[in-house]
Every structure is written in structure tokens, then in C-alpha cells.
Amino acid sequence: LSTTVQASVEQKFPNAQQTNTTAFMVNHFAVSERKICWKFYFNLLMMGCKSLVAVVLVCLCASVYGDSRQDVIVALKQNNIKELEVLLVEQISNPLSSAYGDYLTPEELGARIGASDQALAIVCDFLEAQGGENIEILPTRDYIRLSLASHKASRYEENVPNEIEEFVQFFTRVGRQNPLKIVSSETNRVVNVYESASAPPLVFSGFGSSTEHLNVWIVPQQTAEPSFVTLRLFDSSSGAQVSQDLKNLEDMICQPCEDLQVHPQSSSFNQMKFCSLVGQKHTVCFVDDLHVPSTFEHISEDIANGLWRLSGKVTYPGGEVSEEGHDDALIQLALKEWDPNSQKEEYELSTTAVSTSGATQIVWGTGSYGYSSSDLNKFYEMYDIPSDTTYVEAEGEAGNPTGDNYVEATLDIQYLSAMAPQMESACVNTDNSTDAEGGAGFGPAMLQFAMNINAMSNPPNVISLSLGSLSWASCDLMCTQAQALGAGSYSDCLTYVQSQFQVCMYTSADQVNRINDEFMKMGARGVSVFAATGDGGNHFSFGPFKPFGPNKQLAQTLNEISCNYTLPTFPAASPWVTGVGASQMENGPSGYYPIGCATQTGGGITGGAAFSWQFAMPSYQQTVVQSYLTAHSGTDFGNFNSSGRAYPDLTGIGSSIPIVVNGRKTVVGGTSCSTPEVAGVFSMINDARINQGLPAIGFVNTRLYQAAATSASSMFVDITEGNSSCGIGKCCATGFVAAPGWDSFTGFGNILFSGLLDAFST
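Owing to the predicted nature of the structure, the values given are computational and were not obtained by experimental measurement.

Caption draft 1: A look at the pattern of salt bridges. Per the counting criterion, the structure on display carries twelve salt bridges. Residue K665 is joined to E337 by a salt bridge in which the shortest nitrogen-to-oxygen separation is 2.9 Å. With K665 in strand β26 (residues 664-668) and E337 in the loop between β12 (325-331) and α12 (340-347), the pair connects residues that are 328 residues apart, well separated along the chain. E337 gets classed as buried once you look at its relative accessible area, which sits at 16%.

What follows is the structure in C-alpha cells.
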């Protein structure tokens, strides 16, 4: 029905898709079929469409499903998928081919890879006989959507029925309707395990309104109310120490964690569910926006050159003092902030340039993912961005300002839209359930989002993806090794790693393979996809497992395994996305220059770098990767798959990035920053191409690597310093090193708009 309705609208309003792409995104992005009906009907009314089709659509909305039903995706077995891969790499994305930019429609994709009429008929007949409702075959003919009784959906997800296994790869449930909530179960308290009366406090920090201001969280490990806290800054590079008592709690607020207004968080790969970690009711002392130079009287004048570690002691009534606890992260204070205008200067992009072509771009996420228009407007005003919030729309499910992914969405949409001002942009959330926020519900949500993009008649030109986790292959490897080492069963290990926030969010190799195929299809549709590589170097999603509680031995073993292996993240490990790493800017005699962003150099995070265990190295990057490996044949990189897809492809600035969230300016970092920045720059290249009558770039990597073979120096700032050995809070013995040319820590380096525009302008 939705295909019929869309065809009707396109016939009556032939220019509607071009002038307001996001108005039609609702038809594809909304998770619930009922929400699709009402939202789409509202759009029809707003356009003056009161046709019989719209009336029929509303009538169908009157059907309300019971609580015992579940939305399901049936992944049909695809045909000729390898042939599509060859077509994309050798022709559609290859500027040397006469078929360059000849993108496929959903129907053309369906004719190439979709199921046969016979297969569709057999599967649909079976589903209808099993009580399936609202059965919809996507135009790409490789997926069916429907509603099934929950017990059947669960059973079929475990095992495809024999009657249709010839045609079906798997079933997956999507769109869980439980709203996002803050977990309050005391079983989630995994750090309050010390028995000693003088247990060290937990210390967390993050930049406040600037890199001279810190937000500090102290978690006392006793139940008694603290009298005062002593903070100490230790310069790991010089050995200097300075301390400051926060007496009588005048400089901080101590309250239950659930009452905190601000939590430790910087980017998606550097976030934890803080109150689930420490306990909802546990006391946390929060110091808001502490100005470091004026608070610490004897801090060195050259504050920016230090690598500072923050520690704290808690004094209780009666004079009892706890042991000292310290933050895992090194802090580099008083840095230059890299706002959109500062970045554009580095990327050689005009600060006054605006989009005029009708190109489109989106960011996507799940769970609490969302943003505030008032925050976005304040961000534009603060940095004089030549745009306004009317160019940006929120699509799909509502976000939640109290959730971790809300900060992610805020960061994503602020920088994507600031780098490409006045471009039609959307912040899309397709599943705001708890499980999709940072657990195993994320994989099905990403698959549904991707297949919906490929079913659109007019998909967005650019997609920026900041969310992700370790790939299924990484998690499978860890748990296989953990079982072999006697740390527990494979299933217990998998349950544990999937319970950790945004660590292992995929559930099978088949699921990841199908998502990967959807990214390939996006390239064939003319969509450019940019994915964050992660913030844990080449060993972690973001940091080590916490060796506390009943899983202490397993966590310790997993940390040992992690340091012994390169563990790629996904979607960055897909050969069909452009993996974006992170740089940090250093001030040298000739001005600022980039190095690889790493915790050991004060970057706050370490940019993700890896070789995939699941996906082979694509032909477009084999020459440069082999050159790098040959040049470093004597370097111990640890255990990695030298024949796998290597990432990152390039980098953007990922440290000291200011945003506005919940009305407050704060400074964050991570590949979640660099990815929307880079995506926005490529959107401006699309803008120039479309204004010349050329098609959008589509899949970037084929042409990127071709052009870099002769013009890398004009397209990128090469990065030759840094390595990926450290995650957030733990360093390992091995890691990939930055080096001249392409390297597996920073790719080709920081982007340069002018050179990239020349490379992609014909």
C-alpha cells in the first residue's frame, strides 16, 4: 500500500521529493506501522492531498494491533550479490567507467538481487497462513515486513521454518515498543564492591564550558556523607603536582546519582550509563565547570603543555580519609577549541559558503537519539553559522534528553549542519527502545534503517553514522578465546559482553553481513555513508572491561584477549562505508598541525583503527595497505587479519570540540565528532557537483583511493605521529602507527576541501 500511496503522491506532486525530501522520510523511517499511517496522512493533508488513497490509508490506521504482536523483518536470500559488488566497484563508483554515477532504482536493485516471483509467493502464502498481517514486500524484493504473533516471531527468529528455509535467510524482530528508561536495578551496581572502610573514590572528569574548565564527579565508596574532597592534578609529563581542598562542600553538590543534571559523557564510544554503573541511589559529588587556573593556585603557567591526571580523596566526619582514586583518562588543559569555523580554516572550506543545490544529508541513531532546536539555534548563534533551524528536521521516534545517545545526536546534527549550512538535513531515530540504545536491539534497528533507505525513491545523498560497537566477529573471537582460557562458557561470555553498554550490539555474522550488503546497495543507489571508527584504538570499543563483581575473572581475561588481538568495530569495518578516524591538533613553531588522536597524548580518546576479521580487503585499497604493511614488516602489530578490510580511510579533528547540549556549552571529543564534520564537508562537494549538473558522489572510496594515488598531498594533510595502542583507561603493548602516506591509524590524514573538490569535481 505504501508503494501505491507514494506513487500517487509523486504523480500528483512531481517536485515534492526534490523540494522537501525529509517530508517523505517519515514514510520510511517510522518504526510503528500505525505511526507511519498517521504521520504520512498528516503530510498528505499539509500538501492538500485529500484523495481516496489518503482516506483508505486512514481507514487502515483504525486497525490496532494487540500487545501480543511483534513487527518482524524477513530477510530473503539474495541473488547475484557478488555481481552487484563488481558492478559498483568497477562501473558505478569508478570515474574511469562510462557507467560512473548511473545509480540504480529500488526496482532495478530488486531485478538484480531480489527473490523470484515464485519464492515471494511461497513465503507470503506461508506468512499469511501463520497469521501474518500487513505483509509488505520491499521494492528491492529481498525483505518482507509484517506483523506476527509474538510467540511465532520469537520462534522463527531462532529457527527459520522448514517450509520456507530455501528462500529465507533469517527472521528478526524490530521496533520494540518499550520506551527508553533509565535502568534503576541495583544489580547494575558493578563498582561498589570494596569491603575496605577506606576504599578509594571513583573519579571522573570531562571538559566544561572550555578546556580550562572541568566538570568533576567524585563517587565516595562509603555510605557516610563526606565532609570535604581534595582534588589533585598530577602532570605526568613533568611530575608536578598541585592540590585543592573543596571544603564544606561549598564548591560541589553531593546527591543521589539519579538526581544529577549532568553526567560524564563525551561521544558515543566514550559513554557509559553512569548511574547504572555506580547505582541510581549512590551518592555522587559533582563539581560544575571548575576553572582550573584559578582553583589550583600553583599550576604551571604553561598549562597547555602538561598531560594531567586528576585524582581525589574523600574525608568523612571524624577525620577518616579514604584512599586516593584517580580518573583513567589523561587531560590536556587550556587547548584551542575546534569549533566549526576553526575547523573550516584547517579543512580549507569557506566559513560563509552555503548549500544551494538541493542536496540532502542525515544523521541516524537509536534509543534516546534526538536534539533540541533551541540548542541548535544557540550553537548557530554562538559560532555565527550562516544557517537556521528551519533547514533541519527531526524524523522518526522522539529522543530523550536524559539518555546517552541524546548527546550523540546533538553533536552529530550540530556539526553536520554547520559544515554544510542551509542544506536540507535530518536527525533520524528509527527505534527509541531501551534495547536499541546500547544493546542487542541496535543491530536489528540498523538493518531496518538501512533497508528502508534502499527502498526510498529519493534517498539522502549523505549519511553520517556515529553509533556502533565492536563487530560480531570481534565479540565472537573474544568469547571463543575466553572459553578456551577457562574464564567461563561461550554463552556466559556473550551474555556479559552484550550487557556492556555499546560494546557488542550485534547478534550474528548473518546480521552484520546483511547490514554490510545494505551499505553496498546504498552505494549503488548514490548514497555516501560515513562511519565513526571508534574511540578505543585497535583493541577496545572504547575502554577495558571493569574487573569488578562476579564477572571479575572474565573481565580480566577479556582485557588480556583484547590486548592480544585487533578488535574491529562495525559499521566502520564495512568496505562500503568511509571510515573516519580522529586527529588532535598540536601547536608547533609553524602553527597547528594534526597528530593521531590518542589518550596517551591527551586527546581524551584514541581513534579506532583495525583490519576486519569478517570482510576481505577491497581492491580499491590493496596497494596502499600493502605498502604500509611492507614498510612496517618489522613492527609488532599483534594479532590482526592482514588480508581484511583496513580502516580508517581518512580523519577529521576529534578532540576539543565544543557543542551546546541542554542549554550548556561543553567540550567533547571522539570519532563521533570527526565523522559528521567530514560528512558535512563531502556534502558541500555534492553541492558543487549537483550545481554543475553532475550526480552526487555516491560510494566514495573507489574514487578517493584512485585520486589519492596521484594527488594525496592536495587532498589531505598527512599525519605521521601517533599510535593506536591505548584505549580509554588502558594501554596495550601493540598498536598501529601513523606514518607517511596512508597508514592504519589515520588513513590518508585530515581532509582538505579544496583538493577533494578538485578530485571529485568532474
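Continuing now.
Caption draft 2: Up close: the pairing of strand β7 (residues 228-235). One ladder, built from eight bridges, connects β7 with strand β11 (residues 308-315); its direction is antiparallel. The partner of F234 across the bridge, within β11, is R309. Looking at chain direction, β7 and strand β8 (residues 241-246) are connected through six bridges and run antiparallel. Among the inter-strand pairings, F234 is bridged to a residue of β8, identified as Q241. In sequence, β7 turns back onto β8 through a hairpin of five residues, with G239 there showing a positive phi of about 85°.

Caption draft 3: Summary view of the nonpolar core. Counting residues in each nonpolar core, the largest one holds 151 residues, and the members touching the most others are M478, V497, F519, L558, F682 and L704. In this structure, L704 is in contact with D649, L650, F682, M715, F716, L756 and F760, ignoring residues within four places of it in sequence. By size, the runner-up hydrophobic cluster in this structure holds 25 residues, among which are L233, V242, V292 and V667.

Caption draft 4: Fine view of the sheet that holds β8. With respect to topology, four strands assemble into an open sheet ordered β8-β7-β11-β12, the strand pairing being antiparallel. Each edge of the sheet is formed by a strand with only one pairing partner; in this case those strands are β8 and β12. Averaged over all pairs of adjacent strands, the angle between strand axes in this sheet comes to 20°, irrespective of strand direction.

Caption draft 5: Local environment of empty space enclosed by the protein. On inspection of all chains with the given rule, the structure shows two cavities of 30 Å³ or more. Its boundaries defined by the atoms lining it, the second largest cavity holds a volume of some 40 Å³. Lining the second largest cavity are F519, G523, V527, S528, V529, W576, T578, G698, F699 and V700. Elements supplying a minimum of two residues to the lining of the second largest cavity: α19 (509-525) and β18 (528-532). Tallied by class, the residues present in the lining of the second largest cavity amount to six nonpolar, four polar and no charged.

Caption draft 6: Broad picture of the packing of helix α22 (residues 671-691) against helix α24 (residues 753-760). Running from amino to carboxyl end, α22 crosses α24 at an angle of 40°, the nearest separation of the two axes being 10 Å. As far as their axial angle goes, α24 and α22 are oblique. Between α22 and α24 the crossing geometry is right-handed. Here V681, F682, M684, I685, A688 and R689 of α22 come into contact with α24, specifically with F753, L756, L757 and F760. Within the contact of α22 with α24, the residues separate by chemical class into nine nonpolar, no polar and one charged.

Rules and cut-offs
Residues numbered from 1 in each chain as written. Predicted model: local features only at pLDDT ≥ 70, side-chain atom pairs only at ≥ 80, totals over all residues. Heavy atoms only, no water. Salt bridge = Lys/Arg side-chain N within 4 Å of Asp/Glu carboxyl O. Helix = DSSP H or I, 4+ residues; strand = E, 2+ residues; numbered from the N terminus. Buried < 20%, exposed > 50% of the residue type's maximum accessible area, 1.4 Å probe, protein only. Pairing = 2+ DSSP bridges. Core = buried A, V, L, I, M, F, W, Y, C linked by side-chain atoms within 4.5 Å. Contact = heavy atoms within 4.5 Å. Axes fitted to C-alpha atoms, helices over the stretch in contact; angles between N-to-C directions. 1 Å grid on protein atoms, 1.4 Å probe; cavity = no way out; pocket = protein on both sides within 12 Å on 5 of 7 lines; lining within 4 Å. Points joined across faces, edges and corners; volume = space filled by probe spheres on them. Nonpolar A, V, L, I, M, F, W, Y, C, P; charged D, E, K, R; others polar. Parallel < 35°, antiparallel > 145°, perpendicular 65-115°, else oblique. Left-handed = near helix turned anticlockwise from the far one by under 90°.

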